[in-house]
Structure formats: structure tokens, C-alpha cells
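The chain contents come next:
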Amino acid sequence: MSDALLEAVTNGITFVDLGRQLSVGMPQSPNHPQFWHTLPRRHGDMVRADGGSAANDMITTGTHVGTHIDALAHVSQDGKLFGGADAGQSCLGGKYVEHGVHTIEPMVRRGILLDAAGHLGVDVLEGGYEITVADLQGCLAAQQVDLREGDVVLIRSGWGRRFAEGTAYVGKDSGVPGISEDGAEWLAAQGIHAAGADSIAFECLAPGGGHASLPAHRVFLVENGIYIIEALDLEELAQRRIYEFTFVLVPLNIFGATGSPVRPLALVSA
């Protein structure tokens, strides 16, 4: 008996890599440990009798650095996690047993790109721009796609173009574009599984405000159990006008962690 998925792969698929390359010094939220990579052993440091040699690596990183997913354990409100779990009691032995990243199942789901910047006729939305419900609905209408329960929705503000600029991408002074609290509530009401964006904190950050207020995180992670993916590279999807695709994401299976680096893919037929 043939497998329909295997047949589709055999017939040809293409993919768009949505993850950022991990490198020392890349922009990140100041709230998290930085990424670091070094070579404890290089070729020639130890050479076998037969002339062979091997190199190896060591990395240290926060789990919310680079392209990453937020587990439901990442944010609490008034001492509670999603479903009313006690945020303190859920951290047993220094690990978030309840709602840690190890509880996130691998995602193979319908993905939708909402190109807010493209819909509004700009390459990059201004820092602090709040993407409204009307903007999201306008994207859907212009792109002729709909939202379905269980979708993964990726929102492009164009801010990802500033990733190579380093500090400017963090947007401490300028602010960062992203969805509003109302936008998060509207998306949650559609029954989506996860949401992502090309910015450092997913939602709108006011100029000079930093991460002082993150209502969309509360709406998604605490109130609705919806995962958040940050620092995505959505430029190629937008350039190719790929608005609907198979979305694939697998977090690292780190027991009790609040998040994980990821390298998500968008798959389409060749």
C-alpha cells in the first residue's frame, strides 16, 4: 500500500528555510544569555598515529536566542501558567515539568504567511507600528487565503530585514512592529496552534518601551495555550508569494526548558 506523503515527496518538493543562522554576536533580547560557539579541539591539536585528526565544538546559549519557540512555561500571569497551573509548583528541581518545551509535539501543520508589510505597501513597517485586526483581515483577503483551526500563522512586518544590523533589530529606542493585543485575541479566537513573526519579541514594542509590556504573550501562552515562534526569516516566503504551505518544526527535546532554538521549514510542491 503506497503512502500519499511519500509519493508527494518522491514527486518533488521544495523548501524555504525560515530559521536564522546561529552566530556569535547576533542580535538578541538582552533578557537572555547570548549564543557562544567555540572549538575546544581543532585539527592538529591531537593527531592519531595514522595521521588522522578530528575537531569538535562546544556551544552555550539561551533557549530564547535566534529563531526559537516559546514553551507555555515561558510566561506566567499572577503566578499562573496555562490551564491554571501554579508557576512555582510547576518548577520542580529547577525544571518546568508542566508545560516545558519537552511537552511540545513536533509540528507538521498547515502554515499561513500574513505579509502585513507587503499588504500595507512598504518593505518594512515602522518601529512601534501596531498590526491591527483590520490589517490581519486585509492580508487574508488580499492573499485569498483563510484561517483554519490548528494552523500556524506567521506574520511578516519586514523587520527581519534589519537582523543583520544587530542592535537596530532589537529596537530598544525605535520600537518594533508587531501585532496588537486585540490582534492576538482575534487570532486566538480562530483556534490557531502557533503564531510566529520576523521580530525579536513577536508583538508590538513601543519606542523606548523595551519588553516592559507583552500582552500578546499573555494572550497566547497563558490564556490560550498557543505557542510563539520568534526571529523568523520570512523574506523568501514573501518574495515568492508563498502564502500557504506545509509548516515543519521540531523543538529540541530539552526536559523542563522554557523554550528551544528551532529551524522551521516551509514545504511546497516543486
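Here goes a summary of the coordinates provided. Just so we're clear, the structure is a prediction, and the values are computed from it rather than from any experiment.

### Comments concerning helix α5 (residues 181-189)
1) Next: What α5 keeps buried is the set Gly183, Ala184, Trp186, Leu187 and Ala188.
2) Next: Buried-residue contacts for α5 involve α3 (133-143), β9 (152-156), β10 (178-179) and α6 (215-224).
3) Next: Of the residues trailing α5, Gly191 is marked for its positive phi of about 80 degrees.

### Things to note about the packing of aromatic side chains
To describe a pair of aromatic rings, you give the distance between the ring centres and the angle between the ring planes.
1) Next: According to the stated counting rule, one finds two aromatic pairs in the structure shown.
2) Next: The interplanar angle of 75 degrees and the centroid separation of 5.1 Å between the aromatic rings of Phe163 and Tyr169 together place this pair among those described as edge-to-face.
3) Next: According to the relative accessible area criterion, Phe163 is buried, its value standing at 11%.
4) Next: Overall, the relative accessible area of 1% leaves Tyr169 in the buried class.

### Some details on unusual backbone geometry
1) Next: One non-glycine residue, His99, lies in the positive phi region at around 75 degrees.
2) Next: Looking at the secondary structure, you find His99 in the loop between β6 (95-96) and β7 (107-115).
3) Next: For His99, a relative accessible area of 15% gives the class buried.
4) Next: Backbone geometry places Ala231, a non-glycine residue, at a positive phi of 60 degrees.
5) Next: Counting through the fold element by element, Ala231 comes out in the loop between β12 (227-230) and α7 (235-239).
6) Next: With relative accessibility at 5%, the residue Ala231 sits in the buried group.

### A short note on the nonpolar core
1) Next: The biggest cluster of nonpolar side chains holds 57 residues, and the ones touching the most others in it are Leu187 and Phe220.
2) Next: For this core, the leading source of residues is α6, giving five residues.
3) Next: Beyond its immediate stretch of four places on either side in the chain, Leu187 contacts Leu136, Leu147, Val153, Ile155, Ile179, Ile192 and Phe220.
4) Next: Counting residues in each nonpolar core, the second largest holds 12 residues, with Met26, Phe35, Tyr169 and Leu205 among its members.

### Comments concerning the pairing of strand β13 (residues 244-249)
1) Next: Pairing between β7 and β13: six bridges, direction antiparallel. Opposite Val108, over in β13, you have Val248 as the bridge partner.
2) Next: Taken together, the three bridges between β13 and strand β15 (residues 265-269) define a ladder with antiparallel strand orientation. Bridging across to β15, Val248 finds its partner in Leu265.

### Description of the side chain of Asp70
1) Next: Mapped onto the elements, Asp70 comes out in strand β4 (residues 68-70).
2) Next: Polar contacts involving the side chain of Asp70 include one to the side chain of His64, which spans 2.9 Å.
3) Next: Among the polar contacts listed, one links the side chain of Asp70 to the side chain of His217, at a separation of 3.4 Å.
4) Next: Once you skip the residues sitting within four places of it in the chain, Asp70 turns out to touch His64, Ile104, His217, Leu221, Tyr227, Ile228, Glu230 and Thr258.

### Considerations on helix α1 (residues 4-11)
1) Next: Burial within α1 is sparse, with just zero of its eight residues counted as buried.
2) Next: The opening residue of α1, the one whose side-chain oxygen lies 3.1 Å from the backbone nitrogen of Leu5, is Asp3.
3) Next: A positive backbone phi angle near 115 degrees is found at Gly12, which sits one or two residues after α1.

Procedures and definitions
- Residues numbered from 1 in each chain as written.
- Predicted model: local features only at pLDDT ≥ 70, side-chain atom pairs only at ≥ 80, totals over all residues.
- Heavy atoms only, no water.
- Buried < 20%, exposed > 50% of the residue type's maximum accessible area, 1.4 Å probe, protein only.
- Helix = DSSP H or I, 4+ residues; strand = E, 2+ residues; numbered from the N terminus.
- Contact = heavy atoms within 4.5 Å.
- Phe/Tyr/Trp six-rings, centres within 6.5 Å; stacked < 30°, edge-to-face > 60°.
- Core = buried A, V, L, I, M, F, W, Y, C linked by side-chain atoms within 4.5 Å.
- Pairing = 2+ DSSP bridges.
- Polar contact = N/O pair within 3.5 Å; in protein donor to acceptor, adjacent residues only side chain to side chain.

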